[in-house]
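Coordinate inspection notes
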Amino acid sequence: MAFMEKPPAGKVLLDDTVPLTAAIEASQSLQSHTIVRRYSDFDLLNNSLQIAGLSLPLPPKKLIGNMDREFIAERQKGLQNYLNVITTNHILSNCELVKKFLDPNNYSANYTEIALQQVSMFFRSEPKWEVVEPLKDIGWRIRKKYFLMKIKNQPKERLVLSWADLGPDKYLSDKDFQCLIKLLPSCLHPYIYRVTFATANESSALLIRMFNEKGTLKDLIYKSKPKDPFLKKYCNPKKIQGLELQQIKTYGRQILEVLKFLHDKGFPYGHLHASNVMLDGDTCRLLDLENSLLGLPSFYRSYFSQFRKINTLESVDVHCFGHLLYEMTYGRPPDLVPVDSFPPAPSMAVVAVLESTLSCEACKNGMPTVSRLLQMPLFSDVLLTTSEKPQFKIPTKLKEALRIAKECIEKRLIEEQKQIHQHRRLTRAQSHHGSEEERKKRKILARKKSKRSALENSEEHSAKYNNSNNSGSGASSPLTSPSSPTPPSTSAALGLSKRCKERDICITSTSSTSTTTSSSLASCKHRGTCPALVSGCEWREPRGLAQLYPEFPKRNSEESQNL
């Protein structure tokens, strides 16, 4: 199926792993995706999340004075902090309760009821199976449900039925999809958990496996019970303790071997995490090979979609292996990815593998191959003893369909990474442009620009005004012969006139007694001052731009006087 081809009707385009963020705003500024929630809705959500065992910072309820403006502003900050804590927690942000609270339009369906309908239709054609009980919320996926099963003629044997609908990465045709699903029970590998029964229709798939009382590798790390809800098991473990070094080496080598087997077969996986690794004694067995066929998004998609160098399913598996190795080593997932510095580990060989998969340099430059990890000192000396021969025959036609579907999955990932990168750049630019430092810089530049324009305008107006004064005084002065010398007093007057012009003092001659006037003013040495006027002189007060142009800003009057 081509990448841009119209998806089938049963395919769910919504990616449940896309992280949601929430911002509480005033009702006047709500835009686009808007939900209205009362405090009682927050309280109900908080009570539902208590099963996780986390202390969430929900602001307390207030009965009296709860309409005060200051109290409302304080509560808004408290609720925003509450939402931030929830949405930054990887497990809480993916649970159905939070998704329905923040996005009720896309998560309004009752997925348990839908799963029961599909399973009931299946039992009509397969009467030998019987449901013992639903295993409510034991997994993290919203659209994947589990039921404890038994065979009627073998009542003591317990099995697990998993049902899931199609995801946004389903690019196989319906015929190829159903053929590949039915091939899964024939897959035999010492490190793959065997599928007992598998079937599919145009909108979902149903698989049955044996129920394991010990649970998964994540249950071993967190000391939890397999049947408990996912939030209760893994959100707040009672004791944080990693595995022993030999367990880390053995389990890691087994998981890498099965990943290499799938990559060599051209079978896409991309869903490695501790809950998808079943423990059978001292052997790890991989679960949920059907997820990539169903087109379901990965548990760690919100992590590796941030890094453009992790753009193939092989590199996705290696990055997810880094998460799994970190959890086995330290007993908890990493707080942030990429990881700047790693805590002390049982061996430096463990840190070397973690640095090659989770460090800033690795996420920036790309992941190593599975073969390269197998050659590293942590796993190269592990001896695996197994007599079971791997077997998984895929017809050539289906191999080609898998190759095309794999390319389509990777194209969607690359496009999503490109959009995230562009959005991150835009957000960074907006944050920088709106910072307090940038605002101050813009204010200083605007002030300098206004001063410069005011200076240019003042010079222009002064020049115009001086030209008009010179033309007026020249018309009233008496004519002299070219050969007659200029009286000294007249020269002094001219020099004084120049100095006085620089001090915003305007002198106009009304008669031929300008010599006396000039000599009388020649002793003026103080700025803006003048001795007693004599006859024939007219005193005009200093006129700057504030007098000539009343609209000119007063804060520039001193500068104009200096000019």
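For the structure, check the block above.
Presented here is a report on the structure given in the accompanying data block. Quick caveat: nothing in here was measured; it's all calculated off a predicted structure.

Points about the overall build of the protein chain
Counting its secondary structure elements, the protein chain contains 22 helices and nine strands. Sequence separation of 24 or more characterises 68% of the internal contacts of the protein chain that already satisfy a separation of 6 or more. Total accessible area on the protein chain is roughly 31,500 Å²; 53% of this is exposed by carbon and sulfur atoms.

Focus on the packing of aromatic side chains
One pass over the structure, following the stated rule, counts 14 aromatic pairs. Between Phe42 and Phe101 the ring centres are 5.1 Å apart and the planes differ by 75°, which places this aromatic pair in the edge-to-face class. In this pair, Phe42 is assigned in helix H1 (residues 39-48) and Phe101 in helix H4 (residues 96-102), connecting sequence segments 59 residues apart. With a relative accessible area of 9%, Phe101 lands in the buried category. Between Tyr326 and Tyr330, the aromatic rings sit 4.6 Å apart at their centres with planes inclined by 55°, giving tilted as the arrangement. Of this pair, Tyr326 and Tyr330 both sit in helix H12 (residues 313-330), separated by four residues, roughly a single helical turn. Judged by its relative accessible area of 4%, Tyr326 falls in the buried class. Residue Tyr330 is classed as buried on the basis of its relative accessible area of 11%.

Overview of the pattern of salt bridges
For the structure shown, the criterion picks out 23 salt bridges. Between Lys406 and Glu314 there is a salt bridge whose closest N-O contact spans 3.5 Å. Taken together, the residues span a long stretch of sequence, with Lys406 in helix H17 (residues 396-433) and Glu314 in helix H12 at a distance of 92 residues. Taking the relative accessible area as the measure of exposure, Glu314 reaches 28% and is therefore partly exposed. For the salt bridge of Arg403 with Glu400, the shortest nitrogen-to-oxygen distance reads 2.4 Å. Placement of the pair is Arg403 and Glu400 together in helix H17, with a separation of three residues, close to one helical turn. Judged by its relative accessible area of 36%, Glu400 is partly exposed.

Concerning helix H5 (residues 111-125)
Compared with the 21 Å implied by 1.5 Å per residue over 15 residues, the 22 Å span of H5 between its first and last C-alpha is a close match. For H5, the complete set of buried residues consists of Tyr111, Ala115, Val119, Phe122 and Phe123. Projected onto a plane normal to the axis of H5, the buried residues spread over an arc of 105° and lie on a single side. Turned more than 90 degrees away from the buried face of H5, the exposed residues are Met121 and Arg124. Residue Asn110 occupies the N-cap position of H5, its side-chain oxygen lying 3.3 Å from the main-chain nitrogen of Thr112.

Remarks on a positive patch on the surface
A cluster of basic side chains, namely Arg439, Lys440, Arg442, Lys443, Arg447, Lys448, Lys449, Lys451 and Arg452, defines a positive patch on the protein surface. Among the structural elements, Lys449 can be located in helix H18 (residues 436-476). Classification of Lys449 by relative accessible area gives exposed; the value is 59%.

The rules behind the values
- Residues numbered from 1 in each chain as written.
- Predicted model: local features only at pLDDT ≥ 70, side-chain atom pairs only at ≥ 80, totals over all residues.
- Heavy atoms only, no water.
- Helix = DSSP H or I, 4+ residues; strand = E, 2+ residues; numbered from the N terminus.
- Contact = heavy atoms within 4.5 Å.
- Areas by Shrake-Rupley, 256 points an atom, 1.4 Å probe, with all protein chains shown as cover.
- Phe/Tyr/Trp six-rings, centres within 6.5 Å; stacked < 30°, edge-to-face > 60°.
- Buried < 20%, exposed > 50% of the residue type's maximum accessible area, 1.4 Å probe, protein only.
- Salt bridge = Lys/Arg side-chain N within 4 Å of Asp/Glu carboxyl O.
- Expected span 1.5 Å × (residues − 1).
- Arc of directions from axis to C-beta.
- Polar contact = N/O pair within 3.5 Å; in protein donor to acceptor, adjacent residues only side chain to side chain.
- Patch = residues over 30% accessible without salt bridge, like charges linked within 9 Å, V, L, I, M, F, W, Y side chains within 5 Å.
- Lys, Arg positive; Asp, Glu negative; His and termini not counted.
- Charge placed at Lys NZ, Arg CZ, Asp CG, Glu CD.

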